[in-house]
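Residues per chain, in single letters:
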Amino acid sequence: MPRIGDSAPEFKAVTTQGEINFPADYKGSWVILFSHPADFTPVCTSEFMTFASMEQQFAEANCKLVGLSVDGLYSHIAWLRTIKEKIEYKGMKDVEVKFPLIEDITMEVANKYGMIQPGEATTKAVRAVFYIDPKGIIRTIIYYPLSLGRNFDELYRVLIALQAADEFSVAMPADWRPGDDVIIPTAGSCGTAKERMESKEEDVTCHDWFFCTKKLDKEKVLKALLKK
Ligand code: BEZ
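Quantities reported herein were computed from a predicted structural model and do not represent experimental measurements.

Rules used in this analysis
- Residues numbered from 1 in each chain as written.
- Predicted model: local features only at pLDDT ≥ 70, side-chain atom pairs only at ≥ 80, totals over all residues.
- Heavy atoms only, no water.
- Helix = DSSP H or I, 4+ residues; strand = E, 2+ residues; numbered from the N terminus.
- Buried < 20%, exposed > 50% of the residue type's maximum accessible area, 1.4 Å probe, protein only.
- Contact = heavy atoms within 4.5 Å.
- Areas by Shrake-Rupley, 256 points an atom, 1.4 Å probe, with all protein chains shown as cover.
- Lys, Arg positive; Asp, Glu negative; His and termini not counted.
- Charge placed at Lys NZ, Arg CZ, Asp CG, Glu CD.
- Patch = residues over 30% accessible without salt bridge, like charges linked within 9 Å, V, L, I, M, F, W, Y side chains within 5 Å.
- Salt bridge = Lys/Arg side-chain N within 4 Å of Asp/Glu carboxyl O.
- Core = buried A, V, L, I, M, F, W, Y, C linked by side-chain atoms within 4.5 Å.

Caption draft 1: Examining the overall build of the protein chain more closely. In terms of regular secondary structure, the protein chain is built from seven helices and ten strands. When its C-alpha atoms are laid out on the principal axes, the protein chain stretches across 65 × 35 × 30 Å. Within the protein chain, the proportion of its 228 residues that are buried is 46%. At a minimum sequence separation of 6, the contacts of the protein chain that also span at least 24 residues come to 67%. Accessible surface computed for the protein chain: about 12000 Å², of which carbon and sulfur atoms make up 51%. The centroid of the 28 positive side-chain charges in the protein chain is displaced by 1 Å from the centroid of its 33 negative side-chain charges.

Here it is in C-alpha coordinates:
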(Lines give C-alpha, C1' and ligand atoms only; values in the text may rest on other atoms or scores of the structure.)
Protein backbone atom coordinates (compact mmCIF):
# COMPACT_ATOMS: atom_id res chain seq x y z
CA MET A 1 0.00 0.00 0.00
CA PRO A 2 1.60 3.32 -1.00
CA ARG A 3 2.47 5.75 1.76
CA ILE A 4 3.24 9.44 2.05
CA GLY A 5 6.74 10.10 0.71
CA ASP A 6 6.68 7.13 -1.69
CA SER A 7 6.93 7.48 -5.45
CA ALA A 8 3.45 7.15 -6.94
CA PRO A 9 3.05 3.59 -8.27
CA GLU A 10 3.15 3.50 -12.06
CA PHE A 11 0.37 2.21 -14.27
CA LYS A 12 -1.09 2.57 -17.74
CA ALA A 13 -4.87 2.81 -17.99
CA VAL A 14 -7.79 3.49 -20.29
CA THR A 15 -9.82 6.56 -19.30
CA THR A 16 -12.74 8.61 -20.57
CA GLN A 17 -10.10 10.94 -22.08
CA GLY A 18 -7.95 8.27 -23.71
CA GLU A 19 -5.01 6.26 -22.41
CA ILE A 20 -2.79 7.59 -19.66
CA ASN A 21 0.64 6.64 -18.41
CA PHE A 22 0.62 7.52 -14.74
CA PRO A 23 2.35 9.43 -13.18
CA ALA A 24 4.74 10.11 -16.11
CA ASP A 25 2.08 12.04 -18.06
CA TYR A 26 1.68 14.40 -15.10
CA LYS A 27 5.35 15.24 -14.40
CA GLY A 28 5.64 18.95 -13.68
CA SER A 29 2.06 19.23 -12.36
CA TRP A 30 0.42 18.34 -9.13
CA VAL A 31 -2.18 15.66 -9.64
CA ILE A 32 -4.97 14.41 -7.44
CA LEU A 33 -5.77 10.75 -8.11
CA PHE A 34 -9.06 9.91 -6.44
CA SER A 35 -11.34 6.91 -6.37
CA HIS A 36 -15.09 6.58 -5.98
CA PRO A 37 -17.09 3.43 -5.21
CA ALA A 38 -19.37 3.21 -8.23
CA ASP A 39 -20.88 5.05 -11.18
CA PHE A 40 -24.61 5.86 -11.05
CA THR A 41 -24.63 6.27 -7.27
CA PRO A 42 -25.83 9.42 -5.53
CA VAL A 43 -22.94 10.38 -3.26
CA CYS A 44 -20.46 9.90 -6.12
CA THR A 45 -22.66 11.97 -8.42
CA SER A 46 -22.69 14.86 -5.94
CA GLU A 47 -18.89 14.57 -5.65
CA PHE A 48 -18.25 14.51 -9.39
CA MET A 49 -20.47 17.53 -9.98
CA THR A 50 -18.63 19.42 -7.26
CA PHE A 51 -15.13 18.40 -8.38
CA ALA A 52 -15.87 19.12 -12.05
CA SER A 53 -17.21 22.56 -11.11
CA MET A 54 -13.92 23.28 -9.33
CA GLU A 55 -11.61 21.87 -12.00
CA GLN A 56 -10.53 25.32 -13.22
CA GLN A 57 -9.73 26.39 -9.65
CA PHE A 58 -7.45 23.35 -9.25
CA ALA A 59 -5.91 23.97 -12.69
CA GLU A 60 -4.97 27.52 -11.66
CA ALA A 61 -2.99 25.91 -8.83
CA ASN A 62 -1.19 23.68 -11.35
CA CYS A 63 -3.18 20.63 -10.29
CA LYS A 64 -4.86 18.08 -12.56
CA LEU A 65 -7.58 15.66 -11.50
CA VAL A 66 -7.83 11.96 -12.31
CA GLY A 67 -10.75 9.81 -11.11
CA LEU A 68 -11.03 6.04 -10.85
CA SER A 69 -13.63 3.41 -10.09
CA VAL A 70 -13.79 -0.30 -10.74
CA ASP A 71 -16.49 0.26 -13.36
CA GLY A 72 -15.92 -0.10 -17.10
CA LEU A 73 -15.43 2.63 -19.67
CA TYR A 74 -18.97 2.48 -21.12
CA SER A 75 -20.49 2.80 -17.67
CA HIS A 76 -18.27 5.83 -17.01
CA ILE A 77 -19.26 7.44 -20.31
CA ALA A 78 -22.99 6.81 -19.76
CA TRP A 79 -22.85 8.11 -16.18
CA LEU A 80 -20.96 11.29 -17.08
CA ARG A 81 -23.38 11.90 -19.96
CA THR A 82 -26.33 11.50 -17.56
CA ILE A 83 -24.73 13.97 -15.16
CA LYS A 84 -24.32 16.53 -17.95
CA GLU A 85 -27.70 16.06 -19.55
CA LYS A 86 -30.02 15.38 -16.63
CA ILE A 87 -28.73 16.24 -13.19
CA GLU A 88 -29.32 19.57 -11.53
CA TYR A 89 -28.01 19.76 -7.99
CA LYS A 90 -27.27 22.66 -5.64
CA GLY A 91 -27.23 25.21 -8.44
CA MET A 92 -24.95 23.04 -10.60
CA LYS A 93 -26.28 21.88 -13.94
CA ASP A 94 -24.96 21.02 -17.40
CA VAL A 95 -21.78 19.90 -15.64
CA GLU A 96 -19.20 18.39 -17.96
CA VAL A 97 -16.57 16.20 -16.36
CA LYS A 98 -13.49 16.96 -18.48
CA PHE A 99 -10.87 15.22 -16.37
CA PRO A 100 -10.07 11.56 -17.08
CA LEU A 101 -11.95 8.82 -15.28
CA ILE A 102 -10.04 5.53 -15.25
CA GLU A 103 -11.76 2.23 -15.97
CA ASP A 104 -10.44 -0.39 -13.59
CA ILE A 105 -12.61 -3.48 -13.90
CA THR A 106 -9.68 -5.73 -13.00
CA MET A 107 -9.08 -3.61 -9.84
CA GLU A 108 -5.40 -3.61 -10.71
CA VAL A 109 -4.89 0.09 -10.09
CA ALA A 110 -7.27 0.19 -7.12
CA ASN A 111 -5.33 -2.65 -5.47
CA LYS A 112 -1.98 -1.06 -6.28
CA TYR A 113 -3.08 2.11 -4.48
CA GLY A 114 -4.79 0.40 -1.54
CA MET A 115 -8.17 1.76 -2.59
CA ILE A 116 -9.93 -1.57 -1.94
CA GLN A 117 -10.35 -1.77 1.82
CA PRO A 118 -12.14 -5.07 2.50
CA GLY A 119 -13.55 -4.07 5.89
CA GLU A 120 -15.54 -1.41 4.03
CA ALA A 121 -16.15 -3.19 0.68
CA THR A 122 -14.45 -5.96 -1.28
CA THR A 123 -15.88 -5.04 -4.68
CA LYS A 124 -15.69 -1.24 -4.60
CA ALA A 125 -12.99 1.34 -3.97
CA VAL A 126 -13.31 3.58 -0.92
CA ARG A 127 -13.17 7.33 -1.47
CA ALA A 128 -9.39 7.70 -1.57
CA VAL A 129 -7.54 10.92 -2.43
CA PHE A 130 -3.84 10.86 -3.35
CA TYR A 131 -1.96 14.15 -3.78
CA ILE A 132 1.05 13.62 -6.02
CA ASP A 133 3.58 16.40 -6.49
CA PRO A 134 5.30 17.50 -9.72
CA LYS A 135 8.14 15.03 -9.05
CA GLY A 136 5.73 12.10 -8.73
CA ILE A 137 5.92 11.80 -4.92
CA ILE A 138 2.82 11.07 -2.84
CA ARG A 139 2.42 14.00 -0.44
CA THR A 140 -0.94 13.39 1.23
CA ILE A 141 -3.45 10.54 1.35
CA ILE A 142 -7.02 10.94 2.60
CA TYR A 143 -9.68 8.24 2.84
CA TYR A 144 -13.41 8.59 3.28
CA PRO A 145 -15.87 5.70 3.62
CA LEU A 146 -18.57 4.83 1.10
CA SER A 147 -21.33 6.68 2.89
CA LEU A 148 -19.59 10.06 3.24
CA GLY A 149 -18.98 12.53 0.43
CA ARG A 150 -15.71 14.43 0.52
CA ASN A 151 -15.33 18.10 1.45
CA PHE A 152 -13.90 19.68 -1.69
CA ASP A 153 -13.05 22.98 -0.02
CA GLU A 154 -10.84 20.92 2.29
CA LEU A 155 -9.29 19.09 -0.68
CA TYR A 156 -8.42 22.48 -2.21
CA ARG A 157 -7.15 23.82 1.13
CA VAL A 158 -4.80 20.84 1.47
CA LEU A 159 -3.39 21.42 -2.03
CA ILE A 160 -2.69 25.11 -1.40
CA ALA A 161 -1.24 24.35 2.06
CA LEU A 162 1.14 21.71 0.64
CA GLN A 163 2.28 24.05 -2.10
CA ALA A 164 2.71 27.02 0.26
CA ALA A 165 4.68 24.89 2.77
CA ASP A 166 7.08 23.95 -0.06
CA GLU A 167 7.30 27.43 -1.55
CA PHE A 168 8.00 29.27 1.72
CA SER A 169 9.78 26.46 3.66
CA VAL A 170 7.31 26.60 6.52
CA ALA A 171 4.72 24.31 8.12
CA MET A 172 1.02 24.93 8.40
CA PRO A 173 -0.86 25.02 11.71
CA ALA A 174 -4.31 23.58 12.35
CA ASP A 175 -6.98 24.89 9.99
CA TRP A 176 -4.46 27.02 8.06
CA ARG A 177 -5.78 29.06 5.19
CA PRO A 178 -3.93 31.65 3.06
CA GLY A 179 -3.47 34.79 5.17
CA ASP A 180 -3.10 32.91 8.45
CA ASP A 181 0.23 32.80 10.29
CA VAL A 182 2.56 29.89 9.45
CA ILE A 183 4.95 27.87 11.59
CA ILE A 184 8.67 28.48 11.16
CA PRO A 185 11.07 25.54 11.27
CA THR A 186 12.04 24.22 14.70
CA ALA A 187 15.26 25.08 16.54
CA GLY A 188 18.39 23.56 15.08
CA SER A 189 17.75 24.68 11.55
CA CYS A 190 17.08 28.20 12.73
CA GLY A 191 19.24 29.06 15.72
CA THR A 192 19.08 27.95 19.34
CA ALA A 193 15.91 27.91 21.38
CA LYS A 194 17.07 30.99 23.32
CA GLU A 195 17.93 32.88 20.13
CA ARG A 196 14.55 32.06 18.70
CA MET A 197 12.69 33.21 21.82
CA GLU A 198 14.65 36.45 21.83
CA SER A 199 14.39 37.02 18.11
CA LYS A 200 13.36 40.53 17.23
CA GLU A 201 12.55 39.46 13.71
CA GLU A 202 9.60 41.37 12.48
CA ASP A 203 6.35 39.42 12.22
CA VAL A 204 7.67 36.45 14.28
CA THR A 205 5.85 35.37 17.44
CA CYS A 206 7.29 32.64 19.68
CA HIS A 207 4.64 31.01 21.84
CA ASP A 208 7.43 28.91 23.39
CA TRP A 209 10.90 27.79 22.24
CA PHE A 210 9.43 25.02 20.06
CA PHE A 211 6.49 26.94 18.63
CA CYS A 212 7.17 30.06 16.58
CA THR A 213 4.87 31.51 13.95
CA LYS A 214 5.23 34.29 11.44
CA LYS A 215 2.97 36.28 9.19
CA LEU A 216 2.61 35.29 5.56
CA ASP A 217 0.49 37.59 3.44
CA LYS A 218 -2.41 36.05 1.63
CA GLU A 219 -1.55 37.98 -1.53
CA LYS A 220 2.04 36.72 -1.42
CA VAL A 221 0.83 33.13 -1.16
CA LEU A 222 -1.75 33.44 -3.92
CA LYS A 223 0.64 35.32 -6.22
CA ALA A 224 3.30 32.62 -5.80
CA LEU A 225 0.94 29.68 -6.32
CA LEU A 226 -1.86 30.63 -8.66
CA LYS A 227 -1.56 31.29 -12.36
CA LYS A 228 -4.58 32.99 -13.84
C1 BEZ B 1 -22.92 6.58 -3.34
O2 BEZ B 1 -22.06 7.15 -4.01
O3 BEZ B 1 -24.03 7.05 -3.16
C4 BEZ B 1 -22.60 5.28 -2.71
C5 BEZ B 1 -21.73 4.41 -3.35
C6 BEZ B 1 -21.45 3.20 -2.78
C7 BEZ B 1 -22.01 2.86 -1.57
C8 BEZ B 1 -22.84 3.76 -0.92
C9 BEZ B 1 -23.14 4.97 -1.49
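Read on for the rest.
Caption draft 2: Examining the environment of Arg-81 more closely. Within the secondary structure, Arg-81 sits in helix 3 (residues 73-86). As for Arg-81 and Glu-154, which are separated by 73 residues in sequence, their C-alpha atoms are 27 Å apart.

Caption draft 3: View of the side chain of Thr-213. In this structure, Thr-213 sits in strand 10 (residues 211-214). Assessed through its relative accessible area of 7%, Thr-213 is described here as buried. Apart from the residues lying within four places of it in its own chain, the contact partners of Thr-213 are Asp-181, Val-182, Ile-183, Ile-184, Asp-203, Val-204, Thr-205 and His-207.

Caption draft 4: Molecular detail of a nonpolar patch on the surface. Residues Met-197, Trp-209, Phe-210 and Phe-211 make up a contiguous nonpolar surface patch of roughly 410 Å² in combined accessible area. Checked against the element boundaries, Phe-210 lands in the loop between strand 9 (204-208) and strand 10. For Phe-210, a relative accessible area of 46% corresponds to the partly exposed category.

Caption draft 5: Looking closely at the nonpolar core. Counting 42 residues, the largest nonpolar core has Ile-32, Phe-48, Phe-51, Phe-58 and Tyr-131 as its most contacted members. Mapped by element, the contributors of at least two residues to this core are strand 3 (30-35), helix 1 (42-53), strand 4 (63-69), helix 3, strand 6 (127-132), strand 7 (138-144), helix 5 (152-168) and helix 7 (218-225). In contact with Phe-58, not counting residues within four places along its chain, are Ile-32, Phe-51, Cys-63, Leu-65, Phe-152, Leu-155, Tyr-156 and Leu-159.

Caption draft 6: Broad picture of the pattern of salt bridges. Considering all chains together, one arrives at eight salt bridges under this definition. With a closest N to O distance of 4.0 Å, Asp-6 and Arg-3 form a salt bridge. When its relative accessible area of 59% is taken as the criterion, Arg-3 is described as exposed. A salt bridge links Asp-166 to Arg-139, with the nearest nitrogen and oxygen atoms 2.8 Å apart. On the criterion of sequence distance, the pair formed by Asp-166 in helix 5 and Arg-139 in strand 7 is long-range, its members being 27 residues apart. Connected through shared salt-bridge partners, Glu-47, Arg-127 and Arg-150 make up one network.

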